[in-house]
Amino acid sequence: MLDQVIVAADNALRTLAGVGHAARTNPADSCAQVDAMTDVDRRRSSGLMRVNHVGEVCAQALYQAQALTTRDPRLREHFEHAAREETDHLVWTQHRLDELGSRVSALNPLWFAGAFGIGLVAGRIGDAVSLGFVVETERQVEEHLDSHLTALPAADLKSQAIVRQMKDDEARHAANAEQAGAADLPAPVKWLMRAAAKVMTTTAYYV
Ligand SMILES: [Fe+2]
Ligand SMILES: [Fe+2]
């Protein structure tokens with residue numbers, strides 16, 4: 001247990017310090033740089049990619065908390081594997097924000113702490129609910145990323161390439177969690193999750 005707490009604390013520090021490493025090639029690397037982005041485009045992309053980066057900070061927190069609370073070693077491996085893929089997303093979105101001359105959310109410690117708390121609660125209720133929470137989160141994120149594919153400036157091919165790959169990965173995470181035995185969450189819980197996500201995405205666009 002102590003080992004796992006140390007691993008979780010190490011992950012929290014790495015996530016917030018922005019020192020993670022991606023295991024896969026950044027999908028934006030294969031995009032030819034188009035330099036047609038206006039200042040308005042750049043600001044818009046920065047806001048949207050900051051929201052997506054916050055989503056990945058929360059994903060790290062959720063998966064780490066869920067890995068910490070499950071007693072099933074196979075499920076722990078499942079959560080840790082997903083967290084590693086989310087690290088790629090975290091690194092890619094952060095890198096894109098750097099390229100855009102922007103910054104990550106100043107409230108990241110707060111987002112991380114909130115998501116970690118929610119992950120602990122879901123994990124304590126039981127594995128099926130914890131997995132159900134993953135399915136619903138990943139589906140909502142997938143929808144949200146889909147909306148970003150139209151919201152991002154047409155000239156920002158790099159951000160679009162990153163978001164497209166993330167969307168595919170999140171869909172797979174939802175499917176994997178479903179196969180692992182997820183319970184369907186009650187509708188009011190799903191609405192609450194949507195409301196919380198709305199607060200996060202609206203705030204993180206600016207701060
Ligand atoms: Fe992700
Ligand atoms: Fe995911």
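Residues numbered from 1 in each chain as written. Chains lettered and ligands numbered in written order. Predicted model: local features only at pLDDT ≥ 70, side-chain atom pairs only at ≥ 80, totals over all residues. Heavy atoms only, no water.

So, the packing of aromatic side chains
Taken as a whole and judged by the stated rule, the model has 3 aromatic pairs. On the basis of an interplanar angle of 45° and a centroid distance of 6.1 Å, the ring pair of tyrosine 63 and phenylalanine 79 is categorised as tilted. Placement of tyrosine 63 in helix 2 (residues 39-69) and of phenylalanine 79 in helix 3 (residues 73-99) is noted, with a sequence separation of 16 residues between them. For the pair formed by tyrosine 63 and phenylalanine 79, the shared burial category is buried. Ring geometry for phenylalanine 112 versus phenylalanine 116: centroids 6.1 Å apart, planes at 15°, classification stacked. Of this pair, phenylalanine 112 and phenylalanine 116 are both found in helix 4 (residues 108-125), 4 residues apart, which corresponds to roughly one turn of the helix. Each of the two residues, phenylalanine 112 as well as phenylalanine 116, counts as buried. (Phe/Tyr/Trp six-rings, centres within 6.5 Å; stacked < 30°, edge-to-face > 60°. Helix = DSSP H or I, 4+ residues; strand = E, 2+ residues; numbered from the N terminus. Buried < 20%, exposed > 50% of the residue type's maximum accessible area, 1.4 Å probe, protein only.)

Considering the coordination of the iron ion (ligand 1)
For the iron ion (ligand 1), the full set of protein donor atoms is Glu56 (OE), Glu56 (OE), Glu86 (OE), His89 (ND1) and Glu170 (OE), and the range of their distances to it is 2.0 to 2.4 Å. The sequence pattern formed by the donor residues of the iron ion (ligand 1) is E-x29-E-x2-H-x80-E. In this structure, the iron ion (ligand 1) lies 3.9 Å from the iron ion (ligand 2), and both are coordinated by glutamate 86. Of the two residues, histidine 89 sits in helix 3 while glutamate 170 sits in helix 6 (residues 157-179), which places them 81 residues apart along the sequence. (Donors = N, O, S within 2.8 Å, 3.2 Å for Na, K, Ca; no water.)

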